[in-house]
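Below are the chains, spelled out letter by letter.
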Amino acid sequence: MNTADQYLKAVFLVQQIEDGPASTGALADRLGVSPASANEMVGKLADQDLLVHEKYKGATLTDAGEERARDALATYCVLERFLANVLDVEEYRDEAGQLEAVIDETVADRLDMIIDREPDCPDCFDAEADACSHLVEQLGEAGAGAGAGD
Amino acid sequence: MSVASQVDSDGQLARLLQIGIVLEEVVEARAYEHYQRLPDDERDERIEELLREAREESADHRERLKAIVDRLDIDEDAAIDITPLVREQYAQTGPEDFDGILYDQLNGEETAYKFYDDLIEAIERSETSFSIDRESLLSTLRDIRETEAEGAEAVAELMESRT
């Protein structure tokens, strides 16, 4: 997944958590980058009309940006579910975060052939839990049943 | 996490190689399923040979990747048997005719090529010292990537010969 798609996914999730625009500080925290880097990338994505950036408020995805963010989130969901269900990785969130930059959408599509993703993916992704709500529930983790973003 | 596409540790490298092993297993298992389910009137020597070669090539790649993981400084066992999962899902996602089988095979080879290409780039970008020799690692991965390209070409040629 390229850097732009990782940012769009992060904006999508932070918007859900904050119930409003995603601040560059929150994006920087989520992505583990400096606020200056986050600010620069947000500017580039705004130039491509993938989000709208309002000073002192934050970033809001456009329809085109949201479409790409949802595709990126679905790719990420495949990776999380693959790590958790096929490879039995307990720290699947951390590992998915480390690996997502190297895993392309086409590779995720292939991995998707051996996992059981729910038809409502990626709507079932719980931004607070940073995982698919079905997966959280299936694994019996704390926070199961927390509201998934729609 | 990191937004940069690079490999930062033995553990991360091992996990990516494990994903490569699974991709190879998917190609191998689907080639087997394709062969088993090929309708009688669609069988011919060329596709049977292509599927047999695909299976043998994937098995060889899988063994080479596993050998690398075994040499890395990690506790994990690289072996995973995903054949039952592939079989289970094949009924829902498996192609039903000759052209569909070839397209699926082409997709598998191209996806594996893309995976190795991205992995090689991520290793080249990394400054991490792995517990195995970097050049030998890259040489193996480049060799596997090359055979994936050749595999994709062979499928494409067979597809073209049918049009």
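Residues numbered from 1 in each chain as written. Chains lettered and ligands numbered in written order. Predicted model: local features only at pLDDT ≥ 70, side-chain atom pairs only at ≥ 80, totals over all residues.

Named according to an unreviewed UniProt entry, chain B is Rubrerythrin originating from Halarchaeum nitratireducens.

As annotated in an unreviewed UniProt entry, chain A is Transcriptional regulator from Halarchaeum nitratireducens. According to the UniProt record, the Sequence similarities (unreviewed entry) comment for chain A reads "Belongs to the DtxR/MntR family." (UniProt positions renumbered as here; feature names shortened; annotations may be inferred.)

Draft legend 1. Quick peek at the packing of helix α4 (residues 63–86) of chain A against helix α5 (residues 92–99) of chain A. Residue and element names in this part refer to chain A. Axis separation between α4 and α5 bottoms out at 9 Å; the angle between their running directions is 130°. The angle between α4 and α5 places the two elements in the oblique class. You can see that α4 and α5 cross each other, and the crossing is right-handed. Here α4 contributes Tyr 76, Leu 79, Glu 80, Leu 83 and Ala 84 to the contact with α5, which in turn contributes Tyr 92, Arg 93, Glu 95, Ala 96 and Leu 99. (Axes fitted to C-alpha atoms, helices over the stretch in contact; angles between N-to-C directions. Helix = DSSP H or I, 4+ residues; strand = E, 2+ residues; numbered from the N terminus. Parallel < 35°, antiparallel > 145°, perpendicular 65-115°, else oblique. Left-handed = near helix turned anticlockwise from the far one by under 90°. Contact = placed C-beta atoms within 7 Å.)

Draft legend 2. How the structure looks around the interface of chain B and chain A. With 25 residues of chain B at the interface, the matching set in chain A holds 20 residues. Of all the secondary structure elements, the ones that give two or more residues to the side of chain B that touches chain A are α1 (10–37), α3 (83–93) and α4 (98–125) of chain B.

Draft legend 3. Seen up close, unusual backbone geometry. Residues and elements named next belong to chain A. The step from Cys 121 to Pro 122 runs through a cis peptide bond, and the omega angle for that step is 5°. Looking at where Pro 122 falls in the secondary structure, it is placed in the loop between α6 (105–111) and β3 (125–126). Of note in the backbone geometry, Tyr 56 takes a positive phi value of approximately 70° without being a glycine. Looking at where Tyr 56 falls in the secondary structure, it is placed in the loop between β1 (51–54) and β2 (58–61). Judged by C-beta crowding, with 6 C-beta atoms within 10 Å, Tyr 56 ranks as exposed. (Buried ≥ 20, exposed ≤ 12 C-beta atoms within 10 Å, placed from the backbone.)

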